[in-house]
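Chain and residue survey
These are the residues of each chain, in order.
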Amino acid sequence: MPTVSVKRDLLFHALGRTYTDEEFDELCFEFGLELDEITSEKDIISREQGDTKAEGASDVILYKIDVPANRYDLLCLEGLVRGLQVFKQKMEAPRYRRVSPASSEPQRLVITEETTAVRPYAVAAVLRNITFTQERYDSFIELQEKLHQNVCRKRTLVAIGTHDLDTISGPFTYTAKPPGDIRFKPLNQAKEYTAQELMSLYKTDSHLRHYLHIIEDEAVYPVIYDSNGIVLSMPPIINGDHSKISLNTKNVFIECTATDLTKAKIVLDMMVTMFCEYCEEPFTVEEVEVVYPDGRTCQYPELAYRKETLSADFINRKVGISESTEHIAQLLTKMCLRSEVMSDGDQIEVEIPPTRSDVIHACDIMEDAAMAYGFNNIPRTTPRTYTIANQLPLNKLSELLRQDLAAAGFTEALTFALCSQEDIADKLLKNISETRACRISNPKTAEFQVARTTLLSGLLKTVAANRKMPLPLRLFEISDVVLKDESKDVGARNNRRLCAVYYNKSPGFEVIHGLMDRVMQLLEIKPGQGNGYHIQAADDSTFFPGRCAEIFACGKSIGRLGVLHPDVINRFELTMPCSALDIDIEHFL
């Protein structure tokens, strides 16, 4: 969940009253948020970098509030205050309007064909006659960063650029050019650079280096120019210094370039709706005309309102309450969803504003109704279905075996379910095609390439990591392996197995054989053919020739035991003999 840091005194001033920490924590809970931490800039620096670095830092109290990941409208102080004020019924949800310029044609943003190869979409809007203070300016910049990290997926889907409209002139052109052909003075730099030089410059920048990979390998880089050829930005990396905004900026041109048009519309709507209250005409946004390469013309921002209809009975049943249609409509209105009861008396018409892109389905509306009603106010009821919980038989068997194997002197190990191909094939003297292993499509590391098909390799790696421990080493593990199985809908299945190893100066075959006998005794399977268990000689490349046996129980092969091959021992960097037992315990259910 994203965390929003707001200054406590600034928040209380905007809310129009002061709360104790406990009261505000309760208010957040009622609204579906969580007050995560009460701290200050000085405390944060002191905790992370030490008291010396914290000297001179601000003591202003900060509230860190956890916000649901899909509530983009709560990622800044303005949206948070607006939501809480509507929830407390101290104001009505504002109505956002897109307007045309009073004395001229709308600004135009022309998209060229070249952008198709990198970032094909762009949307834009203008905040006209806005008034910034230091706090508003800081919130404006912080909201951009929050959106970049959240819905913009670290600028891969959408990148936001904000510009002082009075320093540039339209129409604007969004195009893409080879890196060597782009030259401008980037934000907070003293001289001009080409795009290639910028990529080298920002490789060491702690903030911007994380975004270079998005366009670094492209033949052309996206760039936005004004009518005089001044570079506004090179998305998604950096804006131009010429059009940077400041506290004195009165008219803000906001552009969002994207690989996902839907996300771009959402991000633009969030930026303008959160800060249009500071415009001379509050809650109005000036439109921008965007011309696409195919000749289509669109006006942005959309600021689209839509209506959904659902019944009060649906909400009552899903939430577990029994409220009137009128009361449910009031609850939804408290959540910035203006609602009216329709003529039939049961249906509710709900208007979803452009700030609530998280409302996709009737269930989202129902959730808001439950939140406004108060989760703690929902009456507790006995579930209609009566069931008795029971442990899964396979897990119960595994737990019982674990206790008795530990009592037999073996130590339990817990190893990774993923391993390298080498661990389950080459090191065990097997061919990877014989293992029926499920591969990871793009493994981050060579250590985690496949899902394990045997527990033996994990135990041998554990022994290798504990070679300095006193001998003998007795280890066991009861866990799942993953095997390909075409009969399953996912093409693979889990298989619960028991594996044990004995590592000492002598192979200790009799120790492993004795452990197998003890396991069979616990499972109440007697020695013998037919319904009993027995072993017979077998050949397996992992085991020493003539020192391997296949285990049969109730007429079926369930595993193997024996002395490991010296090459296997060497490949796991071990120096002493080792015997092992590996059986399938699902057979005994």
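The coordinates are above.
The notes below deal with the structure included here. Note that the structure is predicted; figures quoted are calculated from it, not measured.

**Some remarks on the sheet that holds strand β25 (residues 533–537)**
Spatially, the seven strands line up as an open sheet ordered β20-β23-β24-β28-β27-β26-β25, and their pairing is mixed. Of all strands in the sheet, those with a lone pairing partner are β20 (411–412) and β25, marking the two edges. As defined by bridge partners, β20 adjoins strand β23 (residues 473–484) across two bridges and the pair is classed as parallel. In the strand pairing of β23, threonine 411 is matched with leucine 475. Across the sheet, helix α12 (residues 393–407) lies against β20, β23 and β24 (492–503), angled at about 160° from β23, the strand it touches most.

**Points about helix α14 (residues 456–465)**
Of all 10 residues making up α14, seven are buried, and the element is well covered by its neighbours. Restricting attention to buried positions, one finds in α14 the residues Leu456, Ser457, Gly458, Leu459, Leu460, Val463 and Ala464. Buried positions along α14 lie against α13 (421–424), β23, β24, β27 (556–564), α16 (566–571) and β28 (578–584).

**Quick notes on unusual backbone geometry**
Each neighbour pair has its own omega, and for proline 235 with proline 236 the value is 0°, a cis peptide bond. You can see proline 236 is positioned in the loop between β12 (231–234) and β13 (238–239). Each neighbour pair has its own omega, and for tyrosine 300 with proline 301 the value is 0°, a cis peptide bond. Along the polypeptide, proline 301 turns up in the loop between β16 (297–300) and β17 (306–311).

**Notes on the pattern of salt bridges**
Side chains that carry opposite charge are capable of pairing whenever their charged atoms lie near each other. All chains considered together, the criterion is met by 33 salt bridges. The partner of lysine 461 in a salt bridge is glutamate 447, with the nearest N and O atoms 3.4 Å apart. Here lysine 461 is found in helix α14, whereas its partner glutamate 447 is found in the loop between α13 and β22 (450–451), with 14 residues between them in sequence. Looking at lysine 461, the relative accessible area reads 31%, which means it is partly exposed. Here aspartate 480 and arginine 496 are joined by a salt bridge, their closest N and O atoms 2.4 Å apart. Of this pair, aspartate 480 sits in strand β23 while arginine 496 is found in strand β24, placing the two residues 16 residues apart along the sequence. What emerges from the salt-bridge pattern is a single network uniting Asp423, Lys427, Glu447 and Lys461.

**Considerations on the nonpolar core**
Judged by nonpolar contacts, the single largest core of 97 residues is most densely connected at Phe24, Ile65, Leu127 and Leu147. Among residues more than four places away in sequence, those in contact with leucine 127 are Phe140, Lys250, Asn251, Val252, Ile254, Val272, Phe275, Cys276, Cys279 and Val285. In terms of nonpolar packing, the next biggest core, distinct from the first, is built from 26 residues, Leu498, Ile512, Met516 and Leu561 among them.

**Thoughts on a negative patch on the surface**
Judged by side-chain charge, Glu22, Asp25, Glu26, Glu30, Glu34 and Asp36 come together as a negatively charged surface patch. Among the elements of the structure, α2 (21–30) and β2 (34–40) are those that each provide at least two residues to the negative patch. As for its position among the elements, glutamate 22 is in helix α2.

**With respect to the pairing of β28**
With respect to burial, β28 is a largely interior element, seven of its seven residues being buried. Side chains of β28 alternate between two faces, with Cys578, Ala580, Asp582 and Asp584 and Ser579, Leu581 and Ile583 buried alike. By the bridge criterion, seven bridges tie β24 to β28 in an arrangement that is antiparallel. When the sheet's bridge partners are listed, tyrosine 502 is paired in β28 with serine 579. Alignment of β27 against β28, held across five bridges, turns out to be antiparallel. When the bridges of β28 are listed, arginine 560 appears paired with aspartate 582.

**Observations concerning the packing of aromatic side chains**
Tallied over the entire structure, the rule returns 13 aromatic pairs. Seen from their ring centres, phenylalanine 132 and phenylalanine 140 are 5.4 Å apart, and the 55° between their planes marks the pair as tilted. We note that phenylalanine 132, like phenylalanine 140, is buried. Aromatic side chains phenylalanine 140 and phenylalanine 275 sit 5.0 Å apart centroid to centroid with 90° between the ring planes, which places their arrangement in the edge-to-face category.

**Considerations on the packing of α12 against helix α15 (residues 509–522)**
Axis angle and axis distance: for two packed helices, these are the angle between their axes and the distance between the axes, and together they describe the pair. Contact geometry for α12 and α15: axes closest at 11 Å, N-to-C directions at 140°. Looking at the two axes, α12 sits oblique to α15. Where α12 crosses over α15, the handedness of that crossing is right-handed. Residues Leu401, Asp404 and Leu405 of α12 touch α15, and the partners they reach there are Leu515, Arg518, Val519 and Leu522. Split by residue class, the contact of α12 with α15 holds five nonpolar, no polar and two charged.

**Describing the side chain of asparagine 251**
Positionally, asparagine 251 belongs in the loop between β13 and β14 (252–258). According to the relative accessible area criterion, asparagine 251 is buried, its value standing at 7%. One polar contact links the side chain of asparagine 251 to the main-chain amide nitrogen of asparagine 129, over a distance of 2.9 Å. A polar contact of 3.1 Å, which involves the side chain of asparagine 251, links it to the side chain of aspartate 166. Discounting residues that sit within four places of it in the chain, asparagine 251 has contacts with Leu127, Arg128, Asn129, His163, Asp164, Leu165 and Asp166.

**A few points about helix α1 (residues 8–15)**
Where α1 is concerned, the buried positions are Leu11, Phe12 and Leu15. Take α1 and look down its axis: the buried residues cluster within an arc of 95°, on one side only. Here the buried face of α1 lies against β1 (3–7), α2, β3 (61–66) and α5 (77–87). Positioned one or two residues after α1, glycine 16 has a phi angle of 85°, which is positive.

**With respect to the sheet that holds β17**
Strand order across the open sheet formed by three strands is β17-β19-β18, with antiparallel pairing between neighbours. The open sheet is flanked by β17 and β18 (338–341), the only strands paired with a single partner. Across the sheet, the axes of successive neighbouring strands diverge by a mean angle of 25°, strand direction being ignored. Across six bridges, the pairing between β17 and strand β19 (residues 347–352) is antiparallel. If you follow leucine 310 over to β19, its bridge partner there is isoleucine 348. On top of the sheet, helix α9 (residues 312–319) reaches β17 and β19; it is set at about 70° to β17, its chief contact.

Conventions we followed
Sequence order as written defines residue numbering, which begins from 1 separately in each chain. For this predicted model, a pLDDT threshold of at least 70 governs which residues receive local features, and a threshold of 80 or more governs which side-chain atom pairs are given and counted, while totals over whole chains, interfaces and linings are taken from all residues. No hydrogens and no water enter the side-chain calculation; it runs on all heavy atoms of the structure. A pair of strands is treated as paired once DSSP finds two or more bridges between them. Helix and strand definitions here come from DSSP, where helices need a minimum of 4 consecutive H or I residues and strands a minimum of 2 consecutive E residues; each element is numbered from the N-terminal end. We call two residues in contact when some of their heavy atoms are within 4.5 Å. Fitting a line to C-alpha atoms yields each axis, with helices limited to the stretch in contact; the angle taken between N-to-C directions then spans 0 to 180 degrees. Any residue under 20% of the maximum accessible area for its type is buried, any over 50% is exposed, and the rest in between are partly exposed; the area is computed with a 1.4 Å probe on protein chains only. Here, a salt bridge means any Lys or Arg side-chain nitrogen found within 4 Å of an Asp or Glu carboxyl oxygen. Definition of nonpolar core: a set of buried residues of the types Ala, Val, Leu, Ile, Met, Phe, Trp, Tyr and Cys, connected through side-chain atoms within 4.5 Å. Within this analysis, patches are made of residues with over 30% relative accessible area and no salt bridge. Like charges are joined at 9 Å or less; nonpolar side chains (Val, Leu, Ile, Met, Phe, Trp, Tyr) at 5 Å or less. The Shrake-Rupley method, run with a 1.4 Å probe sphere, supplies the accessible areas, and residue values consider only the shown protein chains as cover. Under the counting rule used here, the positive set is Lys and Arg, the negative set is Asp and Glu, and His together with the chain ends is not counted. To locate a charge, the coordinates of NZ of Lys, CZ of Arg, CG of Asp or CD of Glu are taken. What counts as a ring pair is set by centres within 6.5 Å for rings of Phe, Tyr and Trp (its six-membered ring), and what kind of pair is set by the plane angle: stacked under 30 degrees, edge-to-face over 60, tilted for all other angles. An angle below 35 degrees is treated as roughly parallel, one above 145 as roughly antiparallel, one from 65 to 115 as roughly perpendicular, and anything else as oblique. If you view the pair so one helix is near and one far, a crossing is left-handed when the near helix is turned anticlockwise from the far one by less than a right angle, and right-handed when it is turned clockwise. Note that Gly is not counted as nonpolar here; it falls among the polar residues with everything else outside the nonpolar set of Ala, Val, Leu, Ile, Met, Phe, Trp, Tyr, Cys and Pro and the charged set of Asp, Glu, Lys and Arg. Between N or O atoms, a polar contact is any pair within 3.5 Å; within protein, one atom must be a potential hydrogen donor and the other a potential acceptor, and residues adjacent in sequence are included only when both atoms are from side chains. Think of it as the arc spanned by the lines of direction from the helix axis to the C-beta atoms.

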